[in-house]
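An overview of the molecular structure
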Amino acid sequence: IMNDKESKVSSEIKELINRLSSNIARNHLKITEILNDKIEMDLTDLRDEICYCILCGFNQAAITLTNHFLERLLKLALIEKETGIRFVDLSEEQEEKYNRVCTKYDSKNLHDTINICCTQGLITKDIKKNLIVYKEQFRNAFSHASAEKTFKGLKVPLAMGKFENPTEIVQREVTVSNYPLLYNIMQQNIADTKAFPYFKEVYSTLKYIDSRLHQA
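Residues numbered from 1 in each chain as written. Predicted model: local features only at pLDDT ≥ 70, side-chain atom pairs only at ≥ 80, totals over all residues. Heavy atoms only, no water.

**Focus: the packing of aromatic side chains**
For the coordinates displayed, the defined rule picks out seven aromatic pairs. Between phenylalanine 138 and tyrosine 198, the aromatic rings sit 4.2 Å apart at their centres with planes inclined by 20 degrees, giving stacked as the arrangement. Pair noted here: phenylalanine 138 is in helix α6 (residues 125–143) and tyrosine 198 is in helix α8 (residues 183–215), with a separation of 60 residues, a long-range link. Per residue, the accessibility class of phenylalanine 138 equals that of tyrosine 198, and both read buried. Cluster of aromatic residues (ring-pair linked, three or more members): Tyr134, Phe138, Phe142 and Tyr198. (Phe/Tyr/Trp six-rings, centres within 6.5 Å; stacked < 30°, edge-to-face > 60°. Helix = DSSP H or I, 4+ residues; strand = E, 2+ residues; numbered from the N terminus. Buried < 20%, exposed > 50% of the residue type's maximum accessible area, 1.4 Å probe, protein only.)

**Let's talk about α6**
Over its 19 residues, α6 runs 25 Å from end to end, which matches the ideal 27 Å to within 8%, given 1.5 Å per residue. When the local axis directions of α6 are compared, the greatest deviation, roughly 40 degrees, occurs at lysine 135. Three or more residues of α6 are buried, namely Ile127, Leu131, Tyr134, Lys135, Phe138, Arg139, Asn140, Ala141 and Phe142. Tucked inside the fold, the buried residues of α6 contact α3 (59–83), α5 (110–119), α7 (147–151) and α8. Looking at the residues trailing α6, positive phi occurs at alanine 145, about 50 degrees. (Expected span 1.5 Å × (residues − 1). Bend = angle between axes of the 7 residues up to and from the residue. Contact = heavy atoms within 4.5 Å.)

**Focus on unusual backbone geometry**
Backbone geometry at alanine 145 places phi at a positive 50 degrees, although glycine is not the residue there. Within the element layout of this structure, alanine 145 appears in the loop between α6 and α7. On the basis of relative accessibility, which here comes to 66%, the residue alanine 145 falls in the exposed class. Unlike most non-glycine residues, lysine 152 shows phi in positive territory, near 45 degrees. Following the sequence through the fold, lysine 152 ends up in the loop between α7 and β1 (155–162).

**Side note on a negative patch on the surface**
Residues Glu92, Glu93, Glu95 and Glu96 make up a contiguous surface patch of negative charge. Within the fold, glutamate 92 resides in helix α4 (residues 92–106). Accessibility expressed as a relative area gives 64% for glutamate 92, which makes it exposed. (Patch = residues over 30% accessible without salt bridge, like charges linked within 9 Å, V, L, I, M, F, W, Y side chains within 5 Å. Areas by Shrake-Rupley, 256 points an atom, 1.4 Å probe, with all protein chains shown as cover. Salt bridge = Lys/Arg side-chain N within 4 Å of Asp/Glu carboxyl O. Lys, Arg positive; Asp, Glu negative; His and termini not counted. Charge placed at Lys NZ, Arg CZ, Asp CG, Glu CD.)

Here's what the structure looks like:
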């Protein structure tokens, strides 16, 4: 027999499972192809975590993790291209080579790695153009928690009443970045709309890079 505390915990777990199950059922079809896809680059675990976030409806987390995925992808691509090694080599010579190349690219920012990948033929000019847009729209906006970059002058209509005169309703259009109380709901709306398309485009970039490295 469960006590009151155990019963409450059990009820909360069931409620959570039901909510997640509903999200998973709704999102499964659009993410399952990516989740079951085979990739050569060592990014499977990170890929899967983003898929699980999207499956469960954790879209703000998905965007933030996709930002990391993109930066890691470009750095790994440059490292793999320069070292030419895709398997574990425990020799001191290979470790020194890895150390030199990893140090070379580890401190590069996203703008630099996008440009270098394009110069080295790992991505096309069109992909480069798209990634620069994503850098501003998602990486800089979400990673730096910048309201100005996240909402980009977005305006929404609001209706406001007054305690002293409840029947008097004032309607006006407001700029979201000027109203912190709107940040949460508006950022969630953006994430719900953009998280999967953003990840899908970044994942297609991985597939293109993977094919270029494999051909090389």
